[in-house]
2 protein chains.
Amino acid sequence: MANPVNVAVDAMGGDNAPFEIVKGAVDAVNENDKVAVTLVGREEIVKAELAKYKFDESRITVVNADDVIETAEHPVHAIRRKKESSLVIALKLVKEGKADAFVSAGSTGAVLVGGQAIVGRIKGIDRPPLAPVLPTSKGPALLVDCGANVDARSDHLVKFARMGSIYMKYVMGIENPRVAIVNIGAEEEKGNALVKETFPLLKECDDINFIGSIEARDVPSGYADVMVCDAFVGNCILKMFEGVGATLFSEIKASLMSSFRSKLGALLIKPALKKVLKKYDASEYGGAPMIGLNGLVVKSHGSSKAKEIRNSIFQCVSFVEADITGKIRESLIQ
Amino acid sequence: MANPVNVAVDAMGGDNAPFEIVKGAVDAVNENDKVAVTLVGREEIVKAELAKYKFDESRITVVNADDVIETAEHPVHAIRRKKESSLVIALKLVKEGKADAFVSAGSTGAVLVGGQAIVGRIKGIDRPPLAPVLPTSKGPALLVDCGANVDARSDHLVKFARMGSIYMKYVMGIENPRVAIVNIGAEEEKGNALVKETFPLLKECDDINFIGSIEARDVPSGYADVMVCDAFVGNCILKMFEGVGATLFSEIKASLMSSFRSKLGALLIKPALKKVLKKYDASEYGGAPMIGLNGLVVKSHGSSKAKEIRNSIFQCVSFVEADITGKIRESLIQ
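Here the structure is a predicted model, which is why all the values come from computation and not from measurement.

Enquirer: A description of the sheet that holds strand β11 (residues 296-299) of chain B should follow, citing residues and the corresponding values.
Expert: Residue and element names in this part refer to chain B. Strand order in the open sheet formed by six strands is β3-β2-β1-β4-β11-β10, with mixed pairing between adjacent strands. A strand with exactly one partner marks an edge of an open sheet, and here the two such strands are β3 (60-64) and β10 (288-290). With direction set aside, neighbouring strand axes in the sheet form an average angle of 25°. Sheet analysis places strand β4 (residues 101-104) next to β11, joined by four bridges and oriented parallel. What sits directly across from Val103, in β11, is Val298. Across the face of the sheet, helix α1 (residues 19-31) comes into contact with β1 (5-10), β2 (35-41) and β3 while running at roughly 165° to β2.

What follows is the structure, given as structure tokens:
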């Protein structure tokens, strides 16, 4: 058997660390023998968690890190100063080739800054995007970018489109992924200055399957596999997706509990409703990859439970096995 | 009794014209004696529709317009060339003071262009925004701008905040409306260039109740009464709101119809579900006002039925009675 893919995991990052993080790592190792995990965090705490489970001990290593970066800290300062944090130490393992990829449920800002500063960018990629996978009616779709590039340029968006296509093809198995630019109308002349400048450039790319504009209303229906936009717009779309879903489900739930009749109905429809919830459960697809780095960095939700951590680790295996980093490098030589 | 408010209505605009438009006008007149309506469209068609109903004939006038602007037409060209269209003729009635306000379910682009070009901007307002009312968990909230200002400047956003506050206070009856800027984080240093420039300007305004940033995830929960952003971001938020809601409801519906058990449950929960749907039904609040013009222009959904047209007409009455145009003019002299 080939060497397993070694994923460094930030054992201290996220609302449910270290319990759910360690559990996710154990589940990943137990379910997939291509996986090895390096848990980075306070050694005695992580080891105490690990002692609760049975697993192949040759495939989980613990690396001590005395410090933790909190969500409220300024990302740039935190990365610079907290050299002994789990995040910095884990990212260095990737940088030095001791780990193939990194997963964290910690501070998004610190993951973005640390990914660039420590793991480093692929030559030719000056703005590595964060690209969450959205669950749509037709399956997963990649939204590039939801990261730090809030005032992006057209050439960034073109690279987002290329990298997104490679990711969806080789990690998610979608042949000839449909790429669209987020816009406020279907016509080519619609859009703000950035979209108007980017649209013709995307049309000229013969290495992507560009299908034109996607309006926000068509995002949930799965009209495209890869959707490109600047990170400000991407963040608004991602957060609306989560916010509208959460608000509607909580309103429906409250309304169902308001009378005996609807409570009875709720019992009957529970399995059907659960199926819908599962379909729109983003954690099925793991976390958001930060692409364009010399190695994979995956940011999973702050509220991640073991399942999302496990799926994020599996995502890293697909990424490494498909040599996405190599394929992105090749796509730049054209 | 004072003179009724006279609302010009585009009888030919929208997917359900003229039937639902004429019905909405009749309903408005029959339910509220402060309302008069001028229906603008092909006279014989409009009169044939009117013949189906009973109403006070002194309060509905028909003005003939031989032409119609279609949604697919280029707005600027259409407004310039189709002088005999229902849209152009109705907007001229507002310009000439023969009508107090205008409602259309026709082409958004043509309404925006025509509103500016024919009715004209209030002096000091160079970018009149389109501001739809979103239904949230805590009631209606105004999203300014979803119109044509896709590359807005910070001084535009400040005026959007002022005009939005006036609208929510005097038309929707919300005392001291909470104003927020759409952003990708709660902290003041977050945001793109536009937001970073606008945030301190909004903080300095002592005539608005600025509460800071609103993340997209908090839009549906009603965290703010007025939300300002450029029209590209506004359009994405509005369309995600509609798209996620529509997709989730259709998935839930399909899932409920998939077994006998869930069908039975669906029957029992129907009244509870309807209550939620009604709460998030934007048509309860009428259409989207275009504010900052010398008169009110309301764009209702292309798919508007009689109820939304009627509510849009009522919205015009509140607007005119509260003298919003006068109050906006005053707010500019500071």
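Enquirer: Help me get a handle on helix α2 (residues 43-50) of chain B, residues and values and all.
Expert: All names here are of chain B. Taken together, the buried positions of α2 are Val46, Glu49 and Leu50. Angularly, the buried residues of α2 cover 100° about the axis, an arc narrow enough to put them on a single face. Structurally, α2 contributes buried residues whose contacts are with α1, β2 and β3.

Enquirer: Help me get a handle on the pairing of strand β11 (residues 296-299) of chain A, residues and values and all.
Expert: All names here are of chain A. Neither face of β11 is open: one carries Leu296 and Val298, the other Val297 and Lys299, and all of them are buried. Bridge analysis of strand β10 (residues 288-290) against β11 gives three bridges, and the strand direction is antiparallel. The residue bridging Ala288 from the neighbouring strand is Lys299, located in β11. Counting the residues that bridge the hairpin from β10 to β11 gives five residues, and of these Gly292 lies at a positive phi of roughly 105°.

Enquirer: Account for the pairing of strand β1 (residues 5-10) of chain A, with residues named and values stated.
Expert: Residues and elements named next belong to chain A. Among the six residues in β1, six count as buried, and that is most of the element. Both faces of β1 are covered, namely the face carrying Val5, Val7 and Val9 and the face carrying Asn6, Ala8 and Asp10. Bridge analysis of β1 against strand β4 (residues 101-104) gives three bridges, and the strand direction is parallel. Counted as the bridge partner of Ala8 is Phe102 from β4.

Enquirer: So what's going on with the relation of the copies chain B and chain A? Residues and values would help.
Expert: One copy of the chain maps onto the other through a rotation about an axis followed by a shift along the same axis. Taken as rigid bodies, chain B and chain A are interconverted by a rotation of 180° and an axial shift of 0.0 Å, the fit giving an RMSD of 0.0 Å. The two molecules are tied by a two-fold rotation axis, judged by turn and shift. Proximity to the rotation axis, assessed at the C-alpha, singles out B:Gly265 in chain B; its C-alpha lies 2.0 Å from the axis. By residue overlap, the copies meet face to face through one surface: 100% of the interface positions of chain B are interface positions in chain A.

Calculation rules
- Residues numbered from 1 in each chain as written.
- Chains lettered and ligands numbered in written order.
- Predicted model: local features only at pLDDT ≥ 70, side-chain atom pairs only at ≥ 80, totals over all residues.
- Heavy atoms only, no water.
- Pairing = 2+ DSSP bridges.
- Helix = DSSP H or I, 4+ residues; strand = E, 2+ residues; numbered from the N terminus.
- Axes fitted to C-alpha atoms, helices over the stretch in contact; angles between N-to-C directions.
- Contact = heavy atoms within 4.5 Å.
- Buried < 20%, exposed > 50% of the residue type's maximum accessible area, 1.4 Å probe, protein only.
- Arc of directions from axis to C-beta.
- Least-squares fit on C-alpha atoms with pLDDT ≥ 70 in both.

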